[in-house]
Amino acid sequence: MTDPYKPSKRDVLRPAEYVGGAAIAAIFVGVIVLAGTHDWITALIGTGGVFIVVLVVLALLQMAIKPDASERAELEGDGPDEHTEDRPGLH
């Protein structure tokens with residue numbers, strides 16, 4: 001029996017990168033709004049709104065990227081260790 005597919009560390013941490021980037025942008029906006037208005041509620045609303053908007057934009061941009069050959073092979077059910085030389089369009 002073959003070894004089950006184990007994603008790389010980069011693949012595992014990719015969602016955390018998106019959430020972390022959205023959190024950094026949200027905290028930045030929250031600090032700016034808090035410094036400008038001195039109102040905690042407005043700063044929290046701005047922080048939450050920016051977090052959601054940045055996260056959605058990053059997700060939509062990620063969906064717009066065309067998968068490469070290894071990702072297409074994985075989506076079609078082949079493991080990443082499978083050879084794709086005999087399959088047209090995947091090399």
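Residues numbered from 1 in each chain as written. Predicted model: local features only at pLDDT ≥ 70, side-chain atom pairs only at ≥ 80, totals over all residues. Heavy atoms only, no water.

- Under an unreviewed UniProt entry, the protein has the name ABC transporter ATP-binding protein and belongs to Agromyces larvae.

1. Side note on the overall build of the protein
Right, so step 1: When helices and strands are tallied, the protein shows 3 helices and 0 strands.
Right, so step 2: Buried positions account for 8% of the 91 residues belonging to the protein.
Right, so step 3: Long-range contacts, defined as pairs at least 24 residues apart, comprise 45% of the intrachain contacts of the protein with a sequence gap of at least 6.
Right, so step 4: Surface exposure of the protein reaches about 7300 Å², of which carbon and sulfur atoms provide 68%. (Helix = DSSP H or I, 4+ residues; strand = E, 2+ residues; numbered from the N terminus. Buried < 20%, exposed > 50% of the residue type's maximum accessible area, 1.4 Å probe, protein only. Contact = heavy atoms within 4.5 Å. Areas by Shrake-Rupley, 256 points an atom, 1.4 Å probe, with all protein chains shown as cover.)

2. Quick notes on helix H1 (residues 9–37)
Right, so step 1: Across its 29 residues, H1 extends 42 Å between first and last C-alpha, which sits within 8% of the 42 Å expected from 1.5 Å per residue.
Right, so step 2: By the largest-angle criterion, Pro15 marks the main kink of H1, which is about 30°.
Right, so step 3: Where H1 is concerned, the buried positions are Ala22, Ala26 and Gly30.
Right, so step 4: Contacts made by the buried residues of H1 are with helix H2 (40–64).
Right, so step 5: Positive phi appears at His38, one or two residues downstream of H1, with a value of about 60°. (Expected span 1.5 Å × (residues − 1). Bend = angle between axes of the 7 residues up to and from the residue.)

3. Quick look at the environment of Val33
Right, so step 1: With respect to the helices and strands, the residue Val33 is situated in helix H1.
Right, so step 2: In this structure the C-alpha to C-alpha distance between Val33 and Leu44, which are 11 residues apart in sequence, comes to 8.9 Å.

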